[in-house]
Amino acid sequence: MGQIEWAMWANEQALASGLILVMGGIVATAGQFTKWYFGAYSIGAGVFVCLLEYPRGKRRKGSTMERCGQKYMTRVVKVFGPLTRNYYVRAFLHLALSVPAGFLLATILGTACLAIASCIYLLTLNTCSASAKGLFTVCEILPRAEQKFVRLPSGGLPRRAVGPH
């Protein structure tokens, strides 16, 4: 079995939790819950998390397909430098963003998912090598047009010649 790439798992978990926060916030705001302002907060926090997590990092081995429009969001994330590329900052930012959304039933699932993503980012720090610890290498991948794919063999499998019996 291969090594688990915790950073990519945390990225996917945080992206999914941002979408869940947005959906829960829409339900809470449109449903006119008593604390609907937590729903509005969840929409904003979910959109922010999705924009922050949309660029996918490079895998250690193999190739990674670029998400559609990733190169534009990567530039935005790189502008903020270590503030958005450091795992410690991301872990505590996600944890802080998840707390206010936890006070509303419609957004509690997004809160739990975002807290789990924060824990995965902290786990990433414990399992990363010392050289890459804390830095998120964003978009050091080949664009879709430059991806190198292995071609499947065109012929059949080689067989032994069958002699007369």
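Bear in mind that the values here come from a model prediction, so they are computed numbers and not experimental data. (Residues numbered from 1 in each chain as written. Predicted model: local features only at pLDDT ≥ 70, side-chain atom pairs only at ≥ 80, totals over all residues. Heavy atoms only, no water.)

> If you had to explain the pattern of salt bridges to someone new, which residues and values would you point to?
Considering all chains together, one arrives at one salt bridge under this definition. Between Arg90 and Glu53 there is a salt bridge, with its nearest N and O atoms 3.0 Å apart. With Arg90 in helix α5 (residues 87-101) and Glu53 in helix α2 (residues 36-53), this residue pair connects regions lying 37 residues apart in the sequence. Accessibility expressed as a relative area gives 0% for Glu53, which makes it buried. (Salt bridge = Lys/Arg side-chain N within 4 Å of Asp/Glu carboxyl O. Helix = DSSP H or I, 4+ residues; strand = E, 2+ residues; numbered from the N terminus. Buried < 20%, exposed > 50% of the residue type's maximum accessible area, 1.4 Å probe, protein only.)

> I'd love a proper account of the environment of Val47, names of residues and values included.
Mapped onto the fold, Val47 is located in helix α2. Residue classification places Val47 among the partly exposed residues on the basis of a relative accessible area of 39%. Each C-alpha atom of the pair Val47 and Leu15 lies 9.6 Å from the other, and the pair is 32 residues apart in sequence.

> Which residues make up the packing of helix α1 (residues 6-30) against α2, and what are the values?
At a minimum axis distance of 7 Å, the contact between α1 and α2 shows a crossing angle of 155°. Comparing their axes, α2 and α1 come out roughly antiparallel. Helix-helix and strand crossings are classified by hand; for α1 and α2 the assignment is left-handed. Together, Asn11, Ala14, Leu15, Gly18, Leu19, Leu21, Val22, Gly25, Ile26, Ala28 and Thr29 of α1 and Trp36, Gly39, Ala40, Ser42, Ile43, Gly46, Val47, Val49, Cys50 and Glu53 of α2 make up the contact between the two elements. Each residue belonging to the contact of α1 with α2 can be placed in one class, and the counts come to 13 nonpolar, seven polar and one charged. (Axes fitted to C-alpha atoms, helices over the stretch in contact; angles between N-to-C directions. Parallel < 35°, antiparallel > 145°, perpendicular 65-115°, else oblique. Left-handed = near helix turned anticlockwise from the far one by under 90°. Contact = heavy atoms within 4.5 Å. Nonpolar A, V, L, I, M, F, W, Y, C, P; charged D, E, K, R; others polar.)

> Report on unusual backbone geometry, specifying residues and quantitative values.
Only a minority of non-glycine residues have a phi that is not negative, and only a minority of peptide bonds are not trans. Positive phi is not limited to glycine here, since Gln32 has a value of about 50°. Looking at the element boundaries, Gln32 is found in the loop between α1 and α2. By relative accessible area, which is 69% here, Gln32 ends up exposed.

> Tell me what's going on with the confidence of the model for the protein chain, and back it up with residues and numbers.
On average, the protein chain scores 77 in pLDDT, and the residues at 70 or more come to 73%. Taken together, the stretch residues 129-143 has pLDDT below 50 and engages in 35 contacts with residues farther than four places along the chain or on a different chain. (pLDDT = per-residue confidence, 0-100.)

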